[in-house]
Amino acid sequence: MDYIYADNAATTAVSETALNAMLPFFRGNYGNPSSLHSVGQRANEALIAARETVAKVLNADAKEIIFTSGGSEADNQAIVTAADIGAKKGKKHIVSTAFEHHAVLHTLRKLEKQGYEVTLLDVHENGIVTPEEVAAAIREDTCLVTVMFANNEIGTVQPIKEIGAVCREKKVLFHTDAVQAAGHLHIDVKDMNVDMLSISGHKFHGPKGVGALYARRGILLSSIIEGGAQERGKRAGTENLPAIVGMAAALEEAAAHLDENAAKERRVRDQLIEGLSEIEHCVLNGDRERRLPGNVNFCFEGIEGESILLLLDDKGIAASSGSACTSGSLEPSHVLLAIGRPHEIAHGSLRLSIDETATEEQAAYIIEAVKDTVALLRSMSPVWRDLKSGKQQFITK
């Protein structure tokens, strides 16, 4: 069997549609969109069209879309903007969750050093945050609620519309990191009461190094990159036109086929969950149903996740033990710790993230490969021997 790529939450392959859309802007139409001559104006027309495409998919206005270098930059700009707006009104309290992407958590940590107070909501074992918990955390001095649309590790999908409604009622800005959701779940910023939303091109078969921030009309964005008047003066730097055009094409294509692709992914995802659940002393991370259509995340007691990845790679399977942004870390996933997984089993995690090209045949191969790999690693593990002999107590069932 050919090599199986099951790490699409880390990054995806650029689609033919996106690639073909990009190619003309490397050589033929290579102008700077800010230039006044005809070459530049042709480039600007393409930039306008891409902005309109992204806006249409999100049900936004084109003037509400700012192009960025990716989801991390978009998250940073949204959070800093809300913090600046809040500070002018004497409001310096922010509500978020303990299992956000580090682009959010690290920005919040930086703001804490600047005098802001941050409340990180605990996450239930199923990986879902409730609107009631958000409502209870909002105070008179709250300037922002930021809750991710779908988790990048365990794939759980939050009740964004309901959380947005709470924020709208309490007149608090609401931002959501939709990097994992865009192109995979239906997004309607108006219907979902979202004020700001971040996306990243390489998560839905667009190129790396490009993303977008939706900011509702009336929100004056704070610049975090100075130097030019691009993006209405809110994001300096010559626009990466080939990448922007490619991202727009990829997002449009993903949205057009979203339902059929999601149905394909769910079939394979559920096959993987059913098969891997047969392994003794393992646990599925995140809600069984309210998760991304292509996400599978398990913990296997008695082994290390890094070893699983290396052995699966030898078997021709690309997988992950968590976020690609922290794959070099020896610390257990903060997401798994947030949902209550003890350190002992959080280290033994495996994330499989598939796309619409995944097949049932590939799933069957992955299941057998994981079963064999887990059995091999446990046969060499002194921790597993202690668990089986009763010297230590199992945490999982």
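Throughout this document, residue positions are counted from 1 along each chain, in the order its sequence is written. Restriction of local features to residues with pLDDT of at least 70 applies here, the model being predicted, together with a cutoff of 80 or more for giving and counting side-chain atom pairs; totals for whole chains, interfaces and linings are based on all residues. Side-chain descriptors were evaluated using all non-hydrogen atoms of the structure, hydrogens and water having been removed beforehand.

Caption draft 1: Inspection of the packing of aromatic side chains at higher detail. Here the aromatic set is Phe, Tyr and Trp, taking the six-membered ring for Trp, and pairing holds for ring centres within 6.5 Å; pairs whose planes are under 30 degrees apart are stacked, those over 60 apart are edge-to-face, and all others are tilted. Per the stated rule, a full pass over the model turns up 2 aromatic pairs. Summarising the aromatic geometry, the rings of Phe 298 and Phe 300 are spaced 5.9 Å apart at their centres and angled 15° between planes, so their arrangement reads as stacked. The buried label goes to any residue with under 20% of its type's maximum accessible area, the exposed label to any with over 50%, and the partly exposed label to all in between, with areas taken from a 1.4 Å probe on protein chains only. You can call Phe 298 buried: its relative accessible area is 1%. Note on Trp 384 and Phe 394: the rings are 5.5 Å apart at their centroids and 65° apart in plane angle, and the pair reads as edge-to-face. A residue pair is termed long-range when its members are at least 10 positions apart, and Trp 384 in helix α14 (residues 382–389) and Phe 394 in the segment after α14 qualify at 10 residues. Geometrically, a lysine NZ or arginine CZ counts as sitting over a ring once it is within 6 Å of the ring centre and also within 35 degrees of the ring normal. Lying over the aromatic face of Tyr 116, Lys 92 brings its terminal NZ or CZ to 4.6 Å of the ring centre. The ring of Trp 384 is capped by Arg 378, whose NZ or CZ atom sits 4.0 Å from the centre of that ring. Each helix corresponds to a stretch of at least 4 residues labelled H or I by DSSP, and each strand to a stretch of at least 2 residues labelled E; elements are numbered beginning at the N terminus.

Caption draft 2: Spotlight on helix α9 (residues 258–276). The length a helix should cover is 1.5 Å for every residue beyond the first. Here α9 spans 26 Å end to end across 19 residues, near enough to the 27 Å set by a 1.5 Å rise per residue. Among the residues making up α9, those that are buried are Leu 258, Asn 261, Ala 262, Glu 265, Val 268, Arg 269, Leu 272, Ile 273, Gly 275 and Leu 276. One face of α9 carries all of its buried residues, which in axial projection span an arc of 165°. Within α9, the exposed residues directed more than 90 degrees away from the buried face are Asp 259 and Arg 267. When checking whether two residues touch, look at their non-hydrogen atoms; a contact exists if any pair is within 4.5 Å. Buried residues belonging to α9 abut α8 (241–256), β9 (282–284), β10 (295–300), β12 (349–353) and α13 (360–379). Relevant arc is that of directions from the helix axis to the C-beta atoms, nothing else.

Caption draft 3: Fine view of the sheet that holds β12. Sheet architecture is open: 3 strands sit in the order β9-β10-β12, paired in antiparallel fashion. One side of each edge strand has no neighbouring strand; the edge strands of this open sheet are β9 and β12. Across this sheet, the average inter-strand angle for adjacent strands is 20°, counted without regard to direction. For every element, the axis is a line fit to its C-alpha atoms; helices are fit only across the contacting stretch, and the angle between N-to-C directions ranges from 0 to 180 degrees. Relative to the sheet, α9 contacts β9, β10 and β12, its axis offset from that of β10 by approximately 10°. Each pair of strands is called paired provided DSSP finds at least two bridges between the two strands.

Caption draft 4: Representation of the state of the cysteines within the structure. The rule for a disulfide is simple: a pair of cysteine sulfur atoms within 2.5 Å. A full pass over the atoms with the stated rule returns 0 disulfides. We note that Cys 167 lacks a disulfide partner, and the nearest cysteine sulfur, in Cys 143, lies 11 Å from it. You can see Cys 282 has no disulfide; the closest cysteine sulfur is in Cys 299, sitting 9.4 Å from it.

Caption draft 5: Fine view of empty space enclosed by the protein. As defined here, a cavity is a set of points on a 1 Å grid over the protein atoms alone where a 1.4 Å probe fits but cannot get out. A pocket is an open set with protein on both sides within 12 Å along at least five of seven lines, and residues line them when an atom is within 4 Å of a point. Grid points are joined across faces, edges and corners, and a volume is the space filled by probe spheres set on the points. Scanning the model with the defined rule gives 1 cavity of 30 Å³ or more in all. Its volume calculated, the largest cavity comes out at about 170 Å³. If you trace the largest cavity, you find 17 residues lining it, with Gln 180, His 184, Leu 292, Ser 353 and Ile 354 closest to the centre. Note on residue categories: nonpolar means Ala, Val, Leu, Ile, Met, Phe, Trp, Tyr, Cys or Pro, charged means Asp, Glu, Lys or Arg, and polar means any other residue, Gly included. The residue inventory of the lining of the largest cavity, partitioned by class, reads 4 nonpolar, 10 polar and 3 charged.

Caption draft 6: Just the packing of helix α3 (residues 71–88) against helix α4 (residues 102–113), in detail. Close contact between α3 and α4 brings their axes to 9 Å; oriented N to C, the two are set at 35°. Of the two elements, α3 crosses α4, and the hand of that crossing is right-handed. Where α3 approaches α4, its residues Ser 72, Asp 75, Asn 76, Ile 79, Val 80 and Ala 83 are matched on the opposing element by Ala 103, Val 104, Thr 107, Leu 108 and Leu 111. Taken together, the residues of the contact of α3 with α4 break down into 7 nonpolar, 3 polar and 1 charged. By definition, turning the near helix anticlockwise from the far helix through less than a right angle yields a left-handed crossing, and turning it clockwise yields a right-handed one.

Geometric values such as these leave the question of function open.
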